[in-house]
Amino acid sequence: MWKKFICALVLAAFLGLQTVNGLYCYTCDSPSSCRSPTSQYCDVNTANTTSAWLRRLHSNVPRTVGNNFKCLNLTYYYPQNNVKTQEILGCYFSSISVCYLFRNANNSYDWEKSCYTCGNDNCNHRNPAGTLSKSSFTIMSSALLLILAKIFK
Ligand SMILES: *[C@@H]1O[C@H](CO)[C@@H](O)[C@H](O)[C@H]1NC(C)=O
Ligand SMILES: *[C@@H]1O[C@H](CO)[C@@H](O)[C@H](O)[C@H]1NC(C)=O
Ligand SMILES: *[C@@H]1O[C@H](CO)[C@@H](O)[C@H](O)[C@H]1NC(C)=O
């Protein structure tokens, strides 16, 4: 009985840790700075910064503030030669449809758009550095639970 209780407690602690753990996204706002983007913690300030960057190129970025975040890579490039003209990586408020914003006068219709969003730590980078992602954390905690279950059997 006690053993089961302890196992449940350990499980709850791990799950709790994962939700509190928050989200990190690679962050940069130009093709040159995106060659070495930095990883930033998602909060109201970092997401708000991304909204400001999006406003340079789009006319309808809502003044949303929220507590749900995702990671973004939005790139504009010349389709003829794949030369990037704009690149924005960062945390954003997940309620904003970042891939469906209207272009403003700074954003040429000659540019092709590439846009993707994702919800795991540092997932918005093509060659992510070897950081511990949430999924590997989940695998680790499951393994630990298995071991604990064996010990307490
Ligand atoms: C978000 O940024 C805008 C300026 O771009 C600022 O006026 C506003 O206060 C900021 N909001 C928060 C919650 O930081
Ligand atoms: C174009 O970009 C500049 C500099 O980022 C900005 O000040 C200006 O407001 C933008 N133009 C439009 C139409 O949004
Ligand atoms: C962002 O996406 C573009 C287009 O898919 C890609 O070329 C670029 O390498 C990505 N940026 C990073 C930092 O991974």
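In what follows, the accompanying structure is described. (Residues numbered from 1 in each chain as written. Chains lettered and ligands numbered in written order. Predicted model: local features only at pLDDT ≥ 70, side-chain atom pairs only at ≥ 80, totals over all residues.)

### Remarks on the site of ligand 1
Thought 1: Around ligand 1 sit Val44, Asn45, Asn48, Ala52 and Val65, and that is every residue in its neighbourhood.
Thought 2: Residues that form the shell around ligand 1 fall into these classes: 3 nonpolar, 2 polar and no charged. (Near = placed C-beta within 6 Å. Nonpolar A, V, L, I, M, F, W, Y, C, P; charged D, E, K, R; others polar.)

### A closer look at unusual backbone geometry
The bulk of non-glycine residues show a negative phi, and the bulk of peptide bonds are trans.
Thought 1: The phi dihedral of asparagine 82 is positive, around 60°, even though this residue is not glycine.
Thought 2: For asparagine 82, the location among the structural elements is in the loop between strand E3 (69-77) and strand E4 (84-93).
Thought 3: One non-glycine residue, asparagine 122, adopts positive backbone phi at about 55°.
Thought 4: By secondary structure assignment, the location of asparagine 122 is in the loop between strand E5 (112-118) and helix H3 (134-152).
Thought 5: In this structure asparagine 122 comes out as buried when scored by C-beta crowding, with 21 C-beta atoms within 10 Å. (Helix = DSSP H or I, 4+ residues; strand = E, 2+ residues; numbered from the N terminus. Buried ≥ 20, exposed ≤ 12 C-beta atoms within 10 Å, placed from the backbone.)

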